[in-house]
Amino acid sequence: MKLTIAYIILGIVFALVPNVLWLIGFGVGRCFRYSLPYAPFGWTALALALIVWAVEAYGTFVGKYQLEVTHVDYASQRVPSSFDGYKVVHISDIHLSTFVENHEAFQRVVDSVNAQSPDLVCFTGDLISLGLAEFDSLSHILSQIHAADGVMAVLGNHDLFIYGRDLTPQQRVDSRNHLADLERAIGWNVLRNEHLVLHRGQDSINLIGVDNIHGPGQGFHTLNLGDLTKAMQGVGEDQFSILLSHDPSHWEAEVLGKTAIDLTLSGHTHAAQIRFFGWSPASWMFHHVQGRYDQAGQTLYVNRGIGCTLPLRIGCPAEITVITLASNS
């Protein structure tokens, strides 16, 4: 509740500041009997302030709950023939605090995920923003997500409880473990530096999951609790593998050119929740911000996320990614 109120206050502040500044300037000008020698300057300033207010209000009350389904075809000779047409639904960064006061919006997200008839749902971290109370209020909707081979999840930086200022180090450890247990209680498989094997007939693929790993030189500092080496123990390089890793900077740091992992799924950036003609300011901090990246036979997909940390989305709707595997063998 406190976080929701803070978001509302921030949204109001963001929307009102331009107009307040204009009014202050207008009032000062009137007090000193100052008038612009060219009146259109004043009207242009007012128009710009109103446009900024309108865009921010739209992002806060409408854009934040927009949802887009992105379809991606992934073809590779390494995809086993039994997995041809296999449908992976990728979601990330739910940030349940976004929906604590709007259960209907979150129900629409879950219904949209299920409507894709997924073989597998992969969630790449940041289920919560600050506390377990967010999970408690929405677990009944979360538990409705279904797929033929289940829901696979990893922990993101927010899930590690590094933002709970009043928590001791041990309480942070206990909280992240408890969150993983809560996810398992609703039927999710939480991969914490481990992997599992999915079977279709005589064929199989590997699904690898790590706790948050932050690559150097990108983004902002978070905890590195992931262990890719441990997670890959027993994974053969000749087998098709999918990695769930929250922070896309991990791909460049430890995956690309250093492993035989075929497809890495990440989130974390939210594409800054703001895009202008496809460009996001997150590109100032991350090398890989949104969408698909192919390099040297390996692929990274960065999902824009479902929920919010900033209280708005402008030109950057939440994303459900549907990745359909195809075998070229």
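In the block above lies the structure referred to throughout.
Residues numbered from 1 in each chain as written. Predicted model: local features only at pLDDT ≥ 70, side-chain atom pairs only at ≥ 80, totals over all residues. Heavy atoms only, no water.

Colleague: Explain the nonpolar core to me, please; I cannot follow it from the model alone.
Modeller: If you look at soluble globular proteins, the nonpolar side chains tend to sit buried side by side. The biggest cluster of nonpolar side chains holds 33 residues, and the ones touching the most others in it are Ile 91, Phe 106, Leu 127 and Leu 142. Elements with a minimum of two residues in this core: β2 (87–91), α3 (103–115), β3 (120–123), α4 (133–142), β4 (151–153), α5 (169–185) and β12 (318–327). Here this core takes five residues from α3, the largest share from any one element. The residues contacting Ile 91, other than those within four sequence positions of it, are Val 113, Val 121, Cys 122, Phe 123, Thr 124, Ile 145, Asn 303, Ile 306 and Ile 320. Core analysis: the second largest hydrophobic core is formed by 22 residues, Phe 83, Val 88, Leu 198 and Phe 240 among them. (Core = buried A, V, L, I, M, F, W, Y, C linked by side-chain atoms within 4.5 Å. Buried < 20%, exposed > 50% of the residue type's maximum accessible area, 1.4 Å probe, protein only. Helix = DSSP H or I, 4+ residues; strand = E, 2+ residues; numbered from the N terminus. Contact = heavy atoms within 4.5 Å.)

Colleague: Mind showing me how you'd approach the pairing of strand β10 (residues 291–295) here?
Modeller: For a regular strand, side-chain orientation follows a simple rule: the groups alternate between the two sheet faces. Bridging between β10 and strand β11 (residues 298–302) involves five bridges; their strand directions are antiparallel. Across the sheet, residue Tyr 293 finds its bridge partner in β11, namely Leu 300. The antiparallel pairing of β10 with β11 creates a hairpin that spans two residues between the two strands, and Ala 296 there sits at a positive phi of about 50°. (Pairing = 2+ DSSP bridges.)

Colleague: Even after reading the chapter, I still don't get the pattern of salt bridges, so can you show me in this structure?
Modeller: It is possible for side chains bearing opposite charge to pair when their charged atoms get close. Within the structure shown, the criterion is met by eight salt bridges. One salt bridge in this structure joins Arg 304 and Glu 68, with 2.9 Å as the shortest N-O distance. Here Arg 304 is found in the loop between β11 and β12, whereas its partner Glu 68 is found in strand β1 (residues 67–76), with 236 residues between them in sequence. For Arg 304, a relative accessible area of 5% puts it in the buried group. Residue Glu 68 is classed as partly exposed on the basis of its relative accessible area, which comes to 32%. The network of salt bridges with shared partners includes Glu 68, Arg 304 and Glu 319. (Salt bridge = Lys/Arg side-chain N within 4 Å of Asp/Glu carboxyl O.)

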